[in-house]
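Spelled out, the chains give:
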2 protein chains.
Amino acid sequence: MGAPASDRPIVVDGLQINNWDRAVLEQLRNGGVHGVNATCAVWEGPAETLRAIGDWYALAGENPDLVVLAETVEEIRRAKDDGRVAVLLGFQNSSPFGDDYRMVEVFHRLGVRVAQLTYNIQNLVGGACYDPEDSGLTRFGGYVIDEMNRVGMLVDLSHVGNRTSRDAIEKSAAPVAITHANPTWFLDHPRNKPAEVIRALAARGGVIGCCLYPNVLGGETTTRAEFCRMVAALAGEIGPEHVAIGSDCTCNWSPDFVGWLRNGRWRPPSANPVRPEWPKWPSWFSGPADFPAITEGLLEAGLDEAAMKLVLGENWLRLFGEVFDGVTA
Amino acid sequence: MGAPASDRPIVVDGLQINNWDRAVLEQLRNGGVHGVNATCAVWEGPAETLRAIGDWYALAGENPDLVVLAETVEEIRRAKDDGRVAVLLGFQNSSPFGDDYRMVEVFHRLGVRVAQLTYNIQNLVGGACYDPEDSGLTRFGGYVIDEMNRVGMLVDLSHVGNRTSRDAIEKSAAPVAITHANPTWFLDHPRNKPAEVIRALAARGGVIGCCLYPNVLGGETTTRAEFCRMVAALAGEIGPEHVAIGSDCTCNWSPDFVGWLRNGRWRPPSANPVRPEWPKWPSWFSGPADFPAITEGLLEAGLDEAAMKLVLGENWLRLFGEVFDGVTA
């Protein structure tokens, strides 16, 4: 590891949903994470999301040595050179758009570059991964994707239902992402993705970020070798240019936040049969500081240097570059 | 018609969506309409709906001789005796509840007594009548209906998709309404209702308000006799205790409002192939002042005095009475 910093691979994480503060940002820098899609809305509506973005502006303003709010690939590459962490503001829901497709442009102007279409339940845009029924992409959802394509915002399908995902891949003029999920052949879980969705995504130039969140990983006992072999096998299956990492790190939250993620405001907490608790993370990856372990593991799993660089960051940057300029109709 | 006022049938309209002011309220009084479900939200979210309700409080406060905001059956009956119009605040969408089932109780406290689950497009609660796909009642939608049952708010299925309608009829512990639509056997239109939905509604004690809006009536050339024969035939089919009137009067609006109803904020107006225009109403029913013509027509169509009273108002009052007290789980 004696290579100069400029030769080291750039590391970009497809998604983290931490309770962000300086200490958490330092964990990313210590782990060599140069860029990250940081969730700033899950259930929030338009007005609440404005506040969350205001919080990010304040945090970035207070820590200019450590973090930069990035809107372009160039800013992420520059952050690596500067020893800073580049943060892309992202949504895990289309709830910030409310019922108005024009809010896509509003939030793009404010710096948001990634938006997942649905979070766990059916919404105005489409169906989600836990829904017993999935409406498919709705008519409104089609206009939302048109706008995201136009302004240059990445469509994320991670918590989206399979039918809506297939519809969105077909509808989008730009390639799309699954920022944080695994194939169902690795773990059969509603949050993971069947082969037909992953293959359709890859065929249109998209990228899937393999995910370390314990519930979609198989729990804390899953080994680093098992995870990295899965990444390597997926790269063999769909091509190394379509595979990346989306850790789904959840640092610094109290247990209450799990309840918020699970129940939002859509059901009485008493109606949820599962008690909200954070799952235990594996010992070899407990947070953003453990990213170097992934690099080692991927090489051990047989990825060559070039593929490893793609998976660690270059695939996300290639995809961001293709999306962020926008598509003229 | 020399009977004393107290013997005349009480007239309750299942839905009007006027641009309300004193002149419009006078039309209702002149037409002998004693109670009406008045739409105060179509696409509005929670905060916008608070303003619309505030507007109603102001209008009622300025015209105490003419209108009363009613929350009970007793207040509607009293309005007839007082020569005033009783207004029930109603929604044509669940958008005022946002993503929070607890907003049902909030708006109930503010006086809202009727809420349609969806308006024309898929939302968080379910699918709508114009959707190519209907998710059915969602999990969130189930909790919304539980709350509506509990606090005593009438579920309206008028613009709701057929699948979601069937689910809602089954889910609701209280009988439900179609406040303004006709049977598809009268006019095959997405806004009208197939026999299986109407029969399921009636079997659970619900009421359908036959609708005079030209697009679901067959246009301005449909005659009063045709409309009234339809009402009489439907009463024969499902029982006169399940049939009522929901005129869908749209007084005092500019053409812009049709564009708002059609497109909301969910699509660019340019994407709507149909130019928004108000349809022409039939000469025999151009607004709330023409309600006496319906009474005459129903008798001509063969309804007896008892059935006519049910259809003109008593069925709505019976249903309101069953719903408004709420259901204890």
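Because the structure is a prediction, the values reported are computed rather than measured.

**Focus on the overall build of chain A**
Part 1: Scanning chain A for helices and strands turns up 12 helices and 9 strands.
Part 2: Its C-alpha radius of gyration of 18 Å places chain A within 12% of the 20 Å reference for a compact globule of 329 residues.
Part 3: If one aligns the C-alpha atoms of chain A with their principal axes, the spans along those axes are about 55 × 40 × 40 Å.
Part 4: Counting the 329 residues in chain A, one finds 61% classified as buried.
Part 5: Partitioning the contacts of chain A with sequence separation of at least 6, the portion at a separation of at least 24 is 72%.
Part 6: As presented, chain A carries roughly 12200 Å² of accessible surface, and 51% of it is formed by carbon and sulfur atoms.
Part 7: Within chain A, the 42 negative side-chain charges are centred at a point lying 2 Å from the centre of the 29 positive side-chain charges.

**Focus: empty space enclosed by the protein**
Part 1: Here the structure, examined in full by the defined rule, presents 1 cavity of 30 Å³ or more.
Part 2: Taken as a whole, the largest cavity encloses approximately 30 Å³ of empty space.
Part 3: A per-class count over the lining of the largest cavity returns 8 nonpolar, 2 polar and no charged.

**Observations regarding the packing of aromatic side chains**
Residues and elements named next belong to chain B.
Part 1: Scanning the model with the defined rule gives 28 aromatic pairs over all chains in all.
Part 2: With a centroid separation of 6.1 Å and 15° between ring planes, the pair formed by Trp316 and Phe320 is classed as stacked. Residue Trp316 and its partner Phe320 are both found in helix H12 (residues 305–324); the two are separated by 4 residues, about one turn of the helix.
Part 3: Assessed through its relative accessible area of 0%, Trp316 is described here as buried.
Part 4: Residue classification places Phe320 among the buried positions, given a relative accessible area of 2%.

**Considering the packing of helix H7 (residues 195–203) of chain B against helix H9 (residues 224–238) of chain B**
Residue and element names in this part refer to chain B.
Part 1: Packing of H7 against H9 brings their axes to within 11 Å, and their N-to-C directions diverge by 60°. With respect to H9, the element H7 is oriented oblique. Remark: the crossing between H7 and H9 carries right-handed chirality. From H7, Ile198, Arg199 and Ala202 reach across to H9, where they touch Leu234, Glu237 and Ile238.
Part 2: Here the contact of H7 with H9 is built from residues that sort into 4 nonpolar, no polar and 2 charged.

**Quick notes on the side chain of Ser165(A)**
Part 1: If you trace the backbone, Ser165(A) turns up in helix H6 (residues 162–171).
Part 2: Beyond its immediate chain neighbours, meaning those up to four positions away, Ser165(A) contacts Leu157(A), Val160(A), Lys193(A) and Val197(A).

**Some points on unusual backbone geometry**
Residue and element names in this part refer to chain A.
Part 1: One non-glycine residue, Asp248, adopts positive backbone phi at about 65°.
Part 2: For Asp248, the location among the structural elements is in the loop between strand S9 (243–245) and helix H10 (255–263).
Part 3: According to the relative accessible area criterion, Asp248 is buried, its value standing at 7%.

**Concerning the pairing of strand S2 (residues 35–41) of chain A**
Residue and element names in this part refer to chain A.
Part 1: Burial runs high along S2: 7 of the 7 residues are buried.
Part 2: The sheet contact formed by strand S1 (residues 12–16) and S2 spans 3 bridges and is parallel. Each residue of the ladder has a partner; that of Asp13, found in S2, is Val36.
Part 3: As for the winding sense of the linkage, the β-α-β connection from S1 through helix H1 (residues 22–30) to S2 is right-handed.

**A few points about the interface of chain A and chain B**
One frequently used descriptor of interface size is the decrease in accessible area upon assembly of the parts.
Part 1: Facing the 26 residues of chain A at the interface are 26 residues of chain B.
Part 2: Roughly 2400 Å² is buried in total at the junction of chain A and chain B, and carbon and sulfur atoms are behind 56% of that figure.
Part 3: In this assembly, chain A and chain B are joined by 6 salt bridges.
Part 4: Salt-bridge contacts for Asp131(A) lead to Arg139(B); the nearest nitrogen and oxygen are separated by 3.2 Å.
Part 5: The interface formed by chain A and chain B includes 10 residue pairs in polar contact (both at pLDDT 80 or more).
Part 6: A total of 3 residues in the side of chain A that touches chain B trace back to one element, the largest contributor, which is helix H5 (residues 139–151) of chain A.
Part 7: Along the lines of polarity and charge, the residues of the side of chain A that touches chain B split into 12 nonpolar, 5 polar and 9 charged.

What counts as what
- One numbering rule holds for all chains: residues counted from 1, following each sequence as written.
- Chain letters and ligand numbers both follow the written order, the letters beginning at A and the numbers at 1.
- Local features in this predicted model are restricted to residues of pLDDT 70 or higher, and side-chain atom pairs are both shown and tallied only at a pLDDT of 80 or more, whereas totals for entire chains, interfaces and linings draw on every residue.
- Excluded from the side-chain calculations are hydrogens and water; all other atoms, namely the structure's heavy atoms, are used.
- Helical segments are the DSSP runs of H or I of at least four residues, strand segments are the runs of E of at least two, and each set is numbered from the N terminus.
- Atoms counted for the radius of gyration: C-alpha only. Globule rule: 2.2 Å times the number of residues to the power 0.38.
- Burial status follows relative accessibility: with a 1.4 Å probe on protein chains alone, a residue under 20% of its type maximum counts as buried, one over 50% as exposed, and anything between as partly exposed.
- Contact definition: two residues touch when any of their heavy atoms are within 4.5 Å.
- Computed with the Shrake-Rupley method and a 1.4 Å probe, the accessible areas treat only the protein chains shown as cover for residues.
- Neither His nor the chain ends contribute to the count of charged residues, in which Lys and Arg are positive and Asp and Glu negative.
- By convention, the charge on Lys lies at NZ, on Arg at CZ, on Asp at CG and on Glu at CD.
- Buried and open spaces are told apart on a 1 Å grid over the protein atoms alone, a cavity being a set of points where a 1.4 Å probe fits but cannot get out and a pocket being an open set with protein on both sides within 12 Å along at least five of seven lines. Residues with an atom within 4 Å of a point are the lining residues.
- Grid points are joined across faces, edges and corners, and a volume is the space filled by probe spheres set on the points.
- Residues are grouped as follows: Ala, Val, Leu, Ile, Met, Phe, Trp, Tyr, Cys and Pro are nonpolar; Asp, Glu, Lys and Arg are charged; all remaining types, including Gly, are polar.
- Pairing of aromatic rings covers Phe, Tyr and the six-membered ring of Trp, with a centre-to-centre limit of 6.5 Å; geometry is then stacked below 30 degrees between planes, edge-to-face above 60, and tilted otherwise.
- Helix axes are fitted to C-alpha atoms over the stretch in contact, other axes to C-alpha atoms as well, and angles between N-to-C directions run from 0 to 180 degrees.
- For this classification, under 35 degrees means roughly parallel, over 145 means roughly antiparallel, 65 to 115 means roughly perpendicular, and everything else is oblique.
- Left-handed describes a crossing whose near helix is turned anticlockwise from the far helix through less than a right angle; right-handed describes the clockwise counterpart.
- Between any two strands, at least two bridges found by DSSP are needed for them to pair.
- Orient the strands so they point away from the viewer, and a crossover whose first-strand-to-second-strand path over the helix runs clockwise is right-handed.
- By convention, the term buried area covers the 1.4 Å-probe accessible surface removed from two parts as they join, with the contributions of both added.
- Just to be clear on terms, a salt bridge is a Lys or Arg side-chain nitrogen sitting within 4 Å of an Asp or Glu carboxyl oxygen.
- What qualifies as a polar contact is a pair of N or O atoms within 3.5 Å, subject to a donor-acceptor requirement within protein and to the restriction that residues adjacent in sequence count only when both atoms come from side chains.

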